[in-house]
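Read off the chains here:
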Amino acid sequence: MRILVAMSGGVDSSVVAARLVEQGHEVIGATLQLYDTRGEAKKGACCAGRDIQDAREVAERLGIPHYVIDAEERFRESVIERFASSYAQGETPVPCVSCNQGVKFTDLLGLAKDIGADAMATGHYVRRVEGSSGAEMHRPVDADRDQSWFLFATTRDQLDYLRFPLGEMPDKDAVRQEAERFGLLVADKPDSQDLCFIPKGNYSDLVETLRPDTRGEGEIVDRQGNILGHHEGVTRFTVGQTKRLGDAAQIAGERQMVVAIEPGKRRIVVAPRESSMVTVCQLRDMNWLITPPEEGVRCMVQLRAREKPRAATVRPVGTGAEVVLDEPALPAPGQACVLYDGTRVLGGGLICRTTEQAA
């Protein structure tokens with residue numbers, strides 16, 4: 001097969017390319033330049049300037065062609081600007097989801113088809129399983145590396161075309177051993193952990209630069225509007241947060257948490273955790289990897305990337321869905337809600353703000 005490999009310059013995608021070459025496939029490497037790489041990048045950041053060079057050196061080692069795709073403008077519009085806008089609306093966005101569905105699984109996948117590739121492979125830790133009704137997405141063997149939550153928006157057509165060779169790997173040590181076997185210089189390269197477009201400073205600085213109206217001090221209030229304290233900027237908070245509340249962290253002996261953000265008024269609304277839990281939430285931009293029944297599907301849902309799944313019934317509503325949780329929780333608007341049946345991903349969507357959060 002002719003396979004395009006999305007090479008980030010890290011050990012994962014490099015091992016994917018090496019294994020496919022070893023299996024006899026015609027492999028073509030492609031790396032996205034997502035942002036200006038001329039400045040110094042923070043250690044551990046993804047898609048840094050050095051990553052492009054690392055990907056190129058791995059391709060030379062494997063004897064495969066390698067291309068660098070300038071996607072900086074597209075990435076800024078579809079990921080960075082959207083990220084800032086979401087925070088400015090009081091949400092907590094997931095930029096990796098936007099990146100996967102934007103420049104990676106749309107633009108890069110389109111390139112793969114343009115050059116006549118039979119498939120596109122990535123270094124993501126998920127499994128693609130051929131089911132009775134077509135390709136299915138499943139959690140990987142190594143649960144600690146699971147990236148399925150970030151890939152919920154992958155469509156069925158995209159899943160037919162994509163390949164995830166690392167989904168069956170037992171752990172990251174095994175991947176690094178493979179890299180050493182192939183003689184890849186990135187075998188010991190640290191994993192990326194930070195947002196690639198914030199090599200310096202923190203995300204709140206970026207949001208305040210792109211959305212100046214969010215900049216400035218404001219009030220911390222209770223649900224009745226009583227002022228409990230003050231903060232240095234709304235972009236430093238997210239729903240469910242208990243830190244940085246100062247004197248408002250404890251009121252009448254009860255620990256407070258952020259339950260809503262009002263960017264227009266620069267206000268943070270807090271309340272006791274137990275009084276803020278809900279059993280129903282709405283999803284937008286829903287992507288189904290199954291054909292859901294009108295009455296809904298019983299499944300497990302994961303409301304945050306590192307949160308344990310919880311039981312729920314999810315019913316399709318227009319282009320979104322309604323989630324009815326068996327037990328109360330505090331979903332954060334802008335985060336993903338991903339549906340699972342065992343290890344299989346059934347779909348997912350983005351959590352909408354409640355009436356209180358959107359007020």
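As the structure is a computational prediction, the values presented were derived from the model and not from experiment.

Draft legend 1. Quick peek at the environment of Val79. Here Val79 shows up in helix 3 (residues 72-88). A relative accessible area of 2% places Val79 in the buried class. With 245 residues separating them in the primary sequence, Val79 and Val324 have C-alpha atoms 30 Å apart. Apart from the residues within four sequence positions on either side, Val79 is in contact with Pro95, Ser98, Cys99 and Phe197.

Draft legend 2. Representation of helix 7 (residues 203-210). Along helix 7, the residues that are buried comprise Ser204, Leu206, Val207, Glu208 and Leu210. Contacts made by the buried residues of helix 7 are with helix 3.

Draft legend 3. Representation of the UniProt feature "domain: tRNA-specific 2-thiouridylase MnmA-like central" (unreviewed entry) in the chain. Those residues carrying the UniProt feature "domain: tRNA-specific 2-thiouridylase MnmA-like central" (unreviewed entry) are residues 217-271 in this numbering. Taken as a whole, residues 217-271 contains 0% helix and 45% strand, while its terminal C-alpha atoms sit 20 Å from one another.

Draft legend 4. Structural view of the packing of helix 3 against helix 4 (residues 95-114). At a minimum axis separation of 9 Å, helix 3 and helix 4 run at an interaxial angle of 165°. What the angle tells us is that helix 3 and helix 4 run roughly antiparallel. For the element pair helix 3 and helix 4, the recorded crossing hand is right-handed. Listed contacts from helix 4 to Arg74, Phe75, Ser78, Val79, Arg82 and Phe83 of helix 3 are Pro95, Ser98, Cys99, Gly102, Val103, Thr106 and Asp107.

Cut-off values and rules
Residues numbered from 1 in each chain as written. Predicted model: local features only at pLDDT ≥ 70, side-chain atom pairs only at ≥ 80, totals over all residues. Heavy atoms only, no water. Helix = DSSP H or I, 4+ residues; strand = E, 2+ residues; numbered from the N terminus. Buried < 20%, exposed > 50% of the residue type's maximum accessible area, 1.4 Å probe, protein only. Contact = heavy atoms within 4.5 Å. UniProt positions renumbered as here; feature names shortened; annotations may be inferred. Axes fitted to C-alpha atoms, helices over the stretch in contact; angles between N-to-C directions. Parallel < 35°, antiparallel > 145°, perpendicular 65-115°, else oblique. Left-handed = near helix turned anticlockwise from the far one by under 90°.

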